[in-house]
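Residue-level listing of the chains:
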Amino acid sequence: MKRLLCLVLTLFALTGAAEAEQEAQQIGDAERGRQVFVRCAACHQVGPEATDRIGPHLNGIFDRRAAANAGFDYSPGIRRAADDGLVWDLRRLEAYIENPKALVSGTRMNFSGLDDAQDRADVLAYLRGFSDSPADIPEAAPTARPREVDLTPEILAIVGDREYGEYLSSECTTCHQRDGTSDGIPSITGWPVEDFVVAMHAYRRQIRPHPVMQMMAGRLSDEEIAALATYFGGLE
Amino acid sequence: MKLNRRHFLGASVATVATLSAPTVIGQGKPRVVVVGGGAGGATAARYIAKDSQGAIDVTLVEPTRAYFTCFFSNLYLGGFRELDSLAHTYGRLAQGGVNVVHDWAVAIDREARTVSLAGGGVLAYDRLILAPGIDFVDGAVPGWDISAQHAMPHAYKAGSQTELLKAQIMAMPEGGVFAMVAPPNPFRCPPGPYERVSMVAHLLKASNPSAKILIVDPKEKFSKQALFEEGWQAHYGGMIDRIGPDFGGADVRVDPAAMTVAIDGVVEKVDVCNVIPAQKAGRICDMAGITENGWAPVDGHGMQSRMDENIHVLGDSAQQGDMPKSGFSANSQAKVAAMTVRGVLSGSKVFPAKFSNTCWSLIDTEDGVKVGATYEATDEKIAKVDGFISQTGEDTALRRATYEESLGWYAGITKDIFG
């Protein structure tokens, strides 16, 4: 504990030490997070010497607009999410490391996600130490936070009604072209069913930014999302 | 059982001849006639033909060979689109099984269930879908009528009127005045007049920066007002003046010969005058006797006329409740109507009606904003469920993304409408 406090004090020179310790503890165990970060370090660096590698460096990631690190060549998917207003607050960061594709379709971050809530909390506590003035730090203990994009096996097991999906799809095809053409509006044709389902749930929970999609997904039931995923997944 | 063509033609002629044969499913192919080939009508025709896979005969009656979308026509005025990019033809609908008839519907006999065409033809229907868009209320702007639309264009049905208006703006003298007479509610495309003002300002800022824009408006408030006013201030400071009802905006008359506009009795000389009169349902709805106070009341569950269950009304003409009159709305309503009509005529599954709408507007280069909502059918009306609107003070990246999204939407919806 003493060592953690020491680390926090060093890194949080700009904020009050007591406040910093308290907030850091609320997210998770930064010291343990450093160990978890080893799994990220193949692609990402953080700290005073950090540079962009396969992935961008993560200094100051909290509260930064997505894809905002000038000089890094981001994927079109994450640039689109950034244009839509994706900002790396704690909630979105947690959702992203839980399942990158749930938050950003077409991301190049080839990482299956951290399933363990404690691992996520700890690694975020560690990363937070490299951001100056993060906001949106929750009051509750990390264990009290719901998982953002994790869907129950029951939801993932719903078999979509293709015919219903075809009817519902007519609302989507006002903007998204059925043949997969994408200019200005992304293609939703031929996605793996599970990717489609988690993306729609992420919009419904308003983790993914985009007011139109949040609104459209907001009134779809679990069954309707499954029906759409089945229909669009089956299109060539 | 498959009917051959000869058999079907015979049956169809016989039905017309008896003038009151009831619909008996299975007796012959059920027939749907759609009047109006815009965002509502073309979508409905295309979806019924596509989804019934030949089980329902679909005829679309549309006078023009090439349809110019009213949505995005403001972007042509602003120089962001070519007029040709707004034109759509009906070849793919025809290839998709829709019988496309380029003619005017001039009479509807609801007893006999027939539509008469200006060219002399008569079409029998089991279900009729009316999607004729808007017409203007006679005498809505004193001094203006259809004979004055050359001097003072409305440009609210896109095409030659839009071209004319743009040419007039380009020919304005230095420091001249562009006036717009804005319409009262309800009207097609609620943000439309204000997006148009933005586009005219964009054009004039480059070619004629000392020119002025005057909006004469009978309404207290308008769609996306805070967003437009913020944008006008930021991009076109001092160029645009709006006279609302408090200052006589509801008391306007025009003199097309003198090119003057009298506002609350005060006469202004103007160089271009865009008169957008008060609107009503396309006249064929009146002729069918299904209107009330100018619009055609419908039941949102299937877009059926409240006055005739065999007629569905889509888009601008329909008085349905909370949805704005927009191409997006018409397209959304068309899919519900298509599903309902197929359910009635071919027994296909009918799901609960869902509607949505989003309207994008361009304020200046890459400065796009949007407003949208979802809707559901209640017994009383189509009711709003949820909605959103762009915020003032958004950053340029988001505004640019919104504009680019609108381009994607235009490509998507026109493919959804016209195939």
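Residues numbered from 1 in each chain as written. Chains lettered and ligands numbered in written order. Predicted model: local features only at pLDDT ≥ 70, side-chain atom pairs only at ≥ 80, totals over all residues. Heavy atoms only, no water.

By the naming in an unreviewed UniProt entry, chain B goes by Cytochrome-dependent sulfide dehydrogenase (Flavoprotein) and is assigned to Sedimentitalea nanhaiensis.

In the annotation of an unreviewed UniProt entry, chain A is listed under the name Sulfide dehydrogenase (Flavocytochrome c), cytochrome c subunit and assigned to Sedimentitalea nanhaiensis.

(A) Region of interest: the overall build of chain B. In terms of regular secondary structure, chain B is built from ten helices and 25 strands. The proportion of buried residues among the 419 residues of chain B is 58%. Across chain B, the fraction of contacts at a sequence separation of at least 24, relative to all contacts at a separation of at least 6, is 67%. Only carbon and sulfur atoms are counted for the fraction: they give 51% of the accessible area of chain B, which is about 16500 Å². (Helix = DSSP H or I, 4+ residues; strand = E, 2+ residues; numbered from the N terminus. Buried < 20%, exposed > 50% of the residue type's maximum accessible area, 1.4 Å probe, protein only. Contact = heavy atoms within 4.5 Å. Areas by Shrake-Rupley, 256 points an atom, 1.4 Å probe, with all protein chains shown as cover.)

(B) Focus on the sheet that holds strand 11 (residues 177-181) of chain B. All names here are of chain B. Ordered by their spatial adjacency, four strands build an open sheet running 13-12-11-17, and the pairing between neighbours is parallel. Every other strand in the sheet has two partners, leaving strand 13 (240-243) and strand 17 (272-275) as the edge strands with one partner each. Across this sheet, the average inter-strand angle for adjacent strands is 15°, counted without regard to direction. Examined bridge by bridge, strand 11 and strand 12 (residues 212-216) share five bridges and lie parallel to one another. If you follow Phe178 over to strand 12, its bridge partner there is Ile213. Helix 5 (residues 160-170) rests against strand 11 and strand 17 of the sheet, and its axis sits at about 150° to strand 17. (Pairing = 2+ DSSP bridges. Axes fitted to C-alpha atoms, helices over the stretch in contact; angles between N-to-C directions.)

(C) Main features of helix 12 (residues 222-233) of chain A. Along its twelve residues, helix 12 of chain A runs 16 Å from first to last C-alpha, staying within 8% of the 16 Å computed at 1.5 Å per residue. For helix 12 of chain A, every residue scored as buried is listed here: Glu224, Ile225, Ala226, Ala227, Leu228, Ala229, Tyr231 and Phe232 of chain A. Where the residues of helix 12 of chain A are buried, they touch helix 9 (162-172) and helix 10 (193-204) of chain A together with strand 23 (354-364) of chain B. (Expected span 1.5 Å × (residues − 1).)

(D) Seen up close, empty space enclosed by the protein. Following the criterion strictly, the structure yields four cavities of 30 Å³ or more and no others. Looking at the largest cavity, its volume works out to about 70 Å³. Around the largest cavity sit Tyr167, Leu168, Ser170, Glu171 and Thr174 of chain A together with Ser332, Lys335, Val336 and Lys354 of chain B, which together line it. Those elements that provide at least two residues to the lining of the largest cavity are helix 9 of chain A together with helix 9 (327-346) of chain B. (1 Å grid on protein atoms, 1.4 Å probe; cavity = no way out; pocket = protein on both sides within 12 Å on 5 of 7 lines; lining within 4 Å. Points joined across faces, edges and corners; volume = space filled by probe spheres on them.)

(E) Highlighting unusual backbone geometry. Of note, the amide linkage connecting Asn185 of chain B to Pro186 of chain B takes the cis form, showing an omega dihedral of -10°. Position of Pro186 of chain B relative to the elements: it lies in the loop between strand 11 and helix 6 (192-207). Despite not being glycine, Gln206 of chain A shows a phi value in the positive range, around 60°. As for its position among the elements, Gln206 of chain A is in the loop between helix 10 and helix 11 (211-218). Despite not being glycine, Phe72 of chain B shows a phi value in the positive range, around 80°. The residue Phe72 of chain B is located in the loop between strand 3 (66-68) and helix 3 (73-78) in this model. Here Phe72 of chain B falls in the buried class, since its relative accessible area comes to 6%.

(F) Spatial organisation of the environment of Asp116 of chain A. All names here are of chain A. By secondary structure assignment, the location of Asp116 is in the loop between helix 6 (100-103) and helix 7 (117-128). Under the relative-accessibility criterion, Asp116 is labelled partly exposed at 38%. From its side chain, Asp116 meets the backbone nitrogen of Gln118 in a polar contact 2.9 Å long. At 2.9 Å, the side chain of Asp116 forms a polar contact with the backbone nitrogen of Asp119. (Polar contact = N/O pair within 3.5 Å; in protein donor to acceptor, adjacent residues only side chain to side chain.)

(G) Here's a closer look at the packing of helix 5 (residues 90-98) of chain A against helix 7 of chain A. All names here are of chain A. Across the interface, helix 5 lies against helix 7 with an axial gap of 10 Å and an inter-helix angle of 125°. Between helix 5 and helix 7, the crossing angle belongs to the class labelled oblique. In this structure, helix 5 crosses over helix 7, and the sense of that crossing is right-handed. Listed contacts from helix 7 to Leu90, Leu93, Glu94, Ile97 and Glu98 of helix 5 are Arg120, Val123 and Leu124. Of the residues belonging to the contact of helix 5 with helix 7, the class tally is five nonpolar, no polar and three charged. (Parallel < 35°, antiparallel > 145°, perpendicular 65-115°, else oblique. Left-handed = near helix turned anticlockwise from the far one by under 90°. Nonpolar A, V, L, I, M, F, W, Y, C, P; charged D, E, K, R; others polar.)

(H) Broad picture of the interface of chain B and chain A. Taken together, the contact pairs 41 residues of chain B with 29 residues of chain A. Together chain B and chain A conceal approximately 2700 Å² of surface at their shared face, both sides included; 55% is due to carbon and sulfur atoms. One can count five salt bridges joining chain B with chain A. Close ionic contact of Glu224 of chain A with Lys354 of chain B constitutes a salt bridge, the shortest N to O distance being 3.3 Å. The interface formed by chain B and chain A contains 19 residue pairs in polar contact (both at pLDDT 80 or more). When residues of the side of chain B that touches chain A are assigned to their parent elements, the largest contribution, 14 residues, is made by helix 10 (residues 396-418) of chain B. In terms of residue class, the side of chain B that touches chain A is made up of 19 nonpolar, nine polar and 13 charged. (Buried area = accessible area lost by both parts, 1.4 Å probe. Salt bridge = Lys/Arg side-chain N within 4 Å of Asp/Glu carboxyl O.)

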